[in-house]
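# Summary of structural features
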Amino acid sequence: MNPTLGGLILAGGQGSRMGYVNKGLQPWFTGRLIHPALQVLQQECAHVAISANHDVPLYQTMGVEVWPDALQWVGCGPLAGVISSVAQFPKHIETIQILPCDAPLLSTRVVKRLNEVLQGSTAPAVYAQTRSQTHPVICQLRRETLVNLAAFLQQTGKHSIRRWLMQLGAEAVWFEDESEFANVNDVATLKVLQMTTSR
């Protein structure tokens, strides 16, 4: 476990492509879809929290803090969860690993590799990259770089994590195994992933 690394799971979305259900709370084998990401972060991070706006009492039963979006950032997408949560991490947390709630195949290897690259680089942030696409919601940030996020949201009106990371000068970290980054956007994908994933 990294004593200065915090972990944040983004679970505040509306789940529109899943019929407006809470994506992180959908069944995943004997648990919930959010559980794999939670387990990864609890192994690697000194402090773990969930960013969520709905079903907060259910998320609170998972043994970590749950932070809703601050009112001024509601409607800003995933970045609302990021900016609303940063100040709430303990002061000793220097870097923050962000994961989505809907990528159940991720492993601790991803978090370790991102941290290894970030610590060996002058970049303010790093994010995962595979052959087919970038994965900006799977990123690791130096805490001090987040001070400009409010200005980004206010001045640009853009709510894209990818756009913000590009503006920061974040560094891409290559991963060969695309399957590990599969994410669940709809019920059909959830069923297929469960059928093809061994437990």
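Check the entry above for the structure.
Here we summarise the structure given alongside this text. Keep in mind that what you see is a predicted model, and the values were worked out from it rather than measured.

### Details of the packing of aromatic side chains
On inspection of all chains with the given rule, the structure shows three aromatic pairs. A ring pair is formed by tryptophan 67 and phenylalanine 89, whose centres lie 5.0 Å apart and whose planes are at 90°; its orientation type is edge-to-face. In this pair, tryptophan 67 sits in strand S5 (residues 65–67) while phenylalanine 89 sits in the loop between helix H3 (78–85) and strand S6 (95–100), placing the two residues 22 residues apart along the sequence. Aromatic pair phenylalanine 175 and phenylalanine 181: ring centres 5.3 Å apart, planes at 55°, arrangement tilted. Side by side, phenylalanine 175 and phenylalanine 181 carry an identical accessibility label, which is buried.

### Description of the side chain of serine 121
Tracing the sequence through the fold places serine 121 in the loop between helix H4 (108–119) and strand S7 (125–129). The buried category is assigned to serine 121, whose relative accessible area is 18%. Polar contacts involving the side chain of serine 121 include one to the main-chain amide nitrogen of alanine 123, which spans 2.8 Å.

### A few points about the environment of valine 187
Relative to the assigned elements, valine 187 resides in helix H7 (residues 187–196). C-alpha of valine 187 to C-alpha of glutamine 26: the two residues are 161 residues apart in sequence and 9.2 Å apart in space.

### Looking at the environment of isoleucine 50
With respect to the element layout, isoleucine 50 can be found in strand S4 (residues 45–51). The exposure class assigned to isoleucine 50 is buried, which follows from its relative accessible area of 0%. Through-space distance from the C-alpha of isoleucine 50 to that of tryptophan 67 is 6.2 Å; in sequence the pair is 17 residues apart. Aside from chain neighbours lying at most four places away, what touches isoleucine 50 is Leu8, Ile9, Ala11, Ile34, Tyr59, Met62, Val64, Glu65, Val66 and Trp67.

What counts as what
- Residues numbered from 1 in each chain as written.
- Predicted model: local features only at pLDDT ≥ 70, side-chain atom pairs only at ≥ 80, totals over all residues.
- Heavy atoms only, no water.
- Phe/Tyr/Trp six-rings, centres within 6.5 Å; stacked < 30°, edge-to-face > 60°.
- Helix = DSSP H or I, 4+ residues; strand = E, 2+ residues; numbered from the N terminus.
- Buried < 20%, exposed > 50% of the residue type's maximum accessible area, 1.4 Å probe, protein only.
- Polar contact = N/O pair within 3.5 Å; in protein donor to acceptor, adjacent residues only side chain to side chain.
- Contact = heavy atoms within 4.5 Å.

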